[in-house]
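Geometric and topological summary
The residues making up each chain are set out below.
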Amino acid sequence: MGNLAIMAILGLAFALLVLRLINQSIYQERRAFKILGYGIGMVAFIIISIGGIFIKTPVVLHLNGWIGISVIAALFIFATYLYIKVFHHDLPATIIYAVIGIYALLGIGTRLPVVDEWLTKPLLPKSLFLWIMIPLCIIAALIGGFGTYYLLTKNDTKK
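What comes next is a walk through the structure. (Residues numbered from 1 in each chain as written. Predicted model: local features only at pLDDT ≥ 70, side-chain atom pairs only at ≥ 80, totals over all residues. Heavy atoms only, no water.)

It is worth spelling out the overall build of the protein at this point. Counting its secondary structure elements, the protein contains 6 helices and 0 strands. Along the protein, from the amino end to the carboxyl end, the secondary structure elements read α-α-α-α-α-α. Its C-alpha atoms give the protein a radius of gyration of 19 Å, more than 25% over the compact-globule value 15 Å for 159 residues. Considered along the principal axes of its C-alpha atoms, the protein spans approximately 60 × 40 × 25 Å. Each of the 159 residues in the protein was classed as buried or not, and the buried ones make up 14%. Put simply, of all contacts in the protein between residues at least 6 apart along the chain, 64% involve residues at least 24 apart. With the model as given, the accessible surface of the protein reaches about 12600 Å², and the carbon-plus-sulfur share is 75%. The protein carries 12 positive and 5 negative side-chain charges, and their two centres are separated by 6 Å. (Helix = DSSP H or I, 4+ residues; strand = E, 2+ residues; numbered from the N terminus. Rg over C-alpha atoms; globule rule 2.2 N^0.38 Å. Buried < 20%, exposed > 50% of the residue type's maximum accessible area, 1.4 Å probe, protein only. Contact = heavy atoms within 4.5 Å. Areas by Shrake-Rupley, 256 points an atom, 1.4 Å probe, with all protein chains shown as cover. Lys, Arg positive; Asp, Glu negative; His and termini not counted. Charge placed at Lys NZ, Arg CZ, Asp CG, Glu CD.)

In structure tokens:
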């Protein structure tokens, strides 16, 4: 819970920073300032991504067994309601909903005795796995961000 709270605060700060940078760079004439702003945003994203993995807090809430499965199922039902009724199957909401669904399945799977060992047994040592996954996640986020930017600018020029 403590790690989640810290990451929520950092994520909110990052989102506000990105929105501020976008706001300032929209009518910016000099390309150097745009690149500097995007560079600051990327560095902030990398710091928050790496910090989220290594930050540990003593505030922990363990929901084992059927209690954990019930809480996960209730939260997933709430997310499904929001996805259908509030967001009306929008593309960004669909991506977020798919990620939530995957996490819900993994959370329920780790609480089932049959699947628990298969899902929680590490394939690689944790330190090696982190040093492989951190750069891959950062690269995937950058590709997704630049790909979205490319598609948005491509669609703007067609109008």
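Quick look at the environment of Ile55 now. In this fold, Ile55 is placed in the loop between α2 (31-54) and α3 (65-86). On the accessibility criterion, Ile55 (25% relative accessible area) is partly exposed. Expressed as a C-alpha distance, the spacing of Ile55 and Leu16, which sit 39 residues apart in the sequence, is 21 Å.

What follows concerns a nonpolar patch on the surface. A cluster of nonpolar side chains, namely Leu12, Leu16, Leu19, Ile22, Ile26, Tyr27, Tyr38 and Tyr149, defines an oily patch on the protein surface of about 920 Å² accessible area. Top contributing element to the nonpolar patch by residue count: helix α1 (residues 2-25), with 4 residues. (Patch = residues over 30% accessible without salt bridge, like charges linked within 9 Å, V, L, I, M, F, W, Y side chains within 5 Å. Salt bridge = Lys/Arg side-chain N within 4 Å of Asp/Glu carboxyl O.)

What follows deals with the packing of α3 against helix α4 (residues 91-109). Viewed as axis vectors pointing N to C, α3 and α4 meet at an angle of 165 degrees, and their least axial separation amounts to 10 Å. If you check the angle between α3 and α4, you find them roughly antiparallel. Judged by the twist between their axes, the crossing of α3 over α4 is left-handed. Contact with α3, carried on its side by Ile69, Ile72, Phe76, Ala79, Thr80 and Tyr83, involves Ala93, Thr94, Tyr97, Ile100, Gly101, Ala104, Gly107 and Ile108 of α4 and no other residues of that element. (Axes fitted to C-alpha atoms, helices over the stretch in contact; angles between N-to-C directions. Parallel < 35°, antiparallel > 145°, perpendicular 65-115°, else oblique. Left-handed = near helix turned anticlockwise from the far one by under 90°.)

The next subject is α4. Between the first and last C-alpha of α4 there are 27 Å, a value that for 19 residues agrees with the 27 Å anticipated at 1.5 Å per step. All buried positions along α4 are accounted for by Ala93, Gly101, Ala104, Gly107 and Gly109. Residues of α4 that are buried make contact with α3 and α5 (113-120). (Expected span 1.5 Å × (residues − 1).)

Bringing the packing of aromatic side chains into the picture now. Here the structure, examined in full by the defined rule, presents 2 aromatic pairs. Judged by centre distance (5.5 Å) and plane angle (20 degrees), the ring pair of Phe76 and Tyr97 falls under stacked. Of this pair, Phe76 sits in helix α3 while Tyr97 sits in helix α4; the two residues are 21 residues apart in sequence, bridging distant segments of the chain. Both rings, one in Tyr83 and one in Tyr97, keep their centres 4.4 Å apart while their planes meet at 5 degrees; by these two values the pair is stacked. With a gap of 14 residues between them, Tyr83 in helix α3 and Tyr97 in helix α4 connect regions that are remote in the sequence. Aromatic ring contacts, followed pair by pair, group Phe76, Tyr83 and Tyr97 into a single cluster. (Phe/Tyr/Trp six-rings, centres within 6.5 Å; stacked < 30°, edge-to-face > 60°.)

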